[in-house]
Amino acid sequence: SSDQLVWLLKVSEAIALGFKTSKVISSSPEDLNRFLGMREDPEVKSEFLKIMEYAKTYQEEKIESVLLEAYKKTNPILFCDEFLSPLLILVGHSWAKSEIAIRHEHFISALVEKFLRSLQHNFTQEKKPALKKILLCTIEGEYHYLGLLMAELTCEYLGVKVVFLGSNTPLA
């Protein structure tokens, strides 16, 4: 059927992007859409498209405004999981398909980093002493760290103390 063909194409794309075959094969169409950054919510899709268009003309303030409005609508966990992650996946796909240039991908990534670092991480849970601590870093040779910044925001929101080492952290 056409639904099966669409599912198969999404499975192929997810595997090509590096998702584990065992996880992808057992995924529902909704999960595949999430992996691939394809949002069904028309409002969120519209926000993603705005960001992509604004990036092409380097409209920093407009992108920051879209990010802030999305952040205000929810909590940090859902913002990272349901907005930022799919956005960044879409940006990566758009670059891979030559729909945007690498400079636009870098521009969006830099603005997301700036936005995450600008957030005040003073959540009500932090008024109590943190009982748990987590160390966040990427291994040597891995320079991508927006996921770490999202993990930091999420952990702090949950009241976990974060020790942030950043990217490209040597093992020794």
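Above this note sits the structure.
Residues numbered from 1 in each chain as written. Predicted model: local features only at pLDDT ≥ 70, side-chain atom pairs only at ≥ 80, totals over all residues. Heavy atoms only, no water.

Student: Just to check I follow, could you spell out the packing of aromatic side chains for this structure?
Tutor: Two aromatic rings, taken as a pair, are described by how far apart their centres are and by the angle between their planes. All chains considered together, the criterion is met by six aromatic pairs. Ring plane angle 80° and centroid distance 6.0 Å describe the contact between Y71 and F115, whose orientation is recorded as edge-to-face. With Y71 in helix α5 (residues 60–72) and F115 in helix α7 (residues 102–118), this residue pair connects regions lying 44 residues apart in the sequence. Ring geometry for F79 and F115: centres 5.8 Å apart, planes at 55°, overall tilted. Pair noted here: F79 is in helix α6 (residues 76–96) and F115 is in helix α7, with a separation of 36 residues, a long-range link. For the pair shown, F79 and F115 are each scored as buried. Cluster of aromatic residues (ring-pair linked, three or more members): F48, Y71, F79, F83 and F115. (Phe/Tyr/Trp six-rings, centres within 6.5 Å; stacked < 30°, edge-to-face > 60°. Helix = DSSP H or I, 4+ residues; strand = E, 2+ residues; numbered from the N terminus. Buried < 20%, exposed > 50% of the residue type's maximum accessible area, 1.4 Å probe, protein only.)

Student: Quick question: what am I supposed to make of helix α8 (residues 146–157) here?
Tutor: Residues separated by three or four positions in an α-helix point in the same direction, a consequence of the helix having 3.6 residues per turn. For α8, built from twelve residues, the straight-helix expectation of 16 Å at 1.5 Å per residue is met to within 8% by its first-to-last C-alpha distance of 17 Å. With nine of its twelve residues buried, α8 lies for the most part within the structure. Of the positions making up α8, those classed as buried are L146, L148, L149, M150, E152, L153, T154, C155 and E156. The elements touched by buried residues of α8 are α5, α6, α7, β1 (133–139) and β2 (161–169). Of the residues one or two after α8, G159 is the one with positive phi, at around 85°. (Expected span 1.5 Å × (residues − 1). Contact = heavy atoms within 4.5 Å.)

Student: Looking at this structure, how should I read the nonpolar core?
Tutor: Inside soluble globular proteins, nonpolar side chains tend to come together where they are buried. With 30 residues, the main nonpolar core has L67, F83 and L84 as its most contacted residues. Mapped onto this core, the elements with two or more residues apiece are α4 (42–56), α5, α6, α7 and α8. Looking at this core element by element, the count peaks at seven residues for α6. In this structure F83 touches V44, E47, F48, I51, V66, L67, A70 and L78, once residues within four positions along its chain are discounted. A14, V24, L32 and F35 belong to the second largest nonpolar core, which has six residues in total. (Core = buried A, V, L, I, M, F, W, Y, C linked by side-chain atoms within 4.5 Å.)

Student: I would appreciate a short explanation of the packing of α7 against α8 in the present structure.
Tutor: Packed helix pairs are characterised by how far apart their axes lie and by the angle those axes make with each other. The N-to-C vectors of α7 and α8 enclose an angle of 20°; their axes lie 10 Å apart at closest approach. Taken together, the axis directions place α7 and α8 in an arrangement best described as roughly parallel. The chirality of how α7 crosses α8 is left-handed. Between α7 and α8, the residues in contact are S109, V112, E113, L116 and R117 and L146, L149, M150 and L153, respectively. Broken down by class, the residue content of the contact of α7 with α8 amounts to six nonpolar, one polar and two charged. (Axes fitted to C-alpha atoms, helices over the stretch in contact; angles between N-to-C directions. Parallel < 35°, antiparallel > 145°, perpendicular 65-115°, else oblique. Left-handed = near helix turned anticlockwise from the far one by under 90°. Nonpolar A, V, L, I, M, F, W, Y, C, P; charged D, E, K, R; others polar.)

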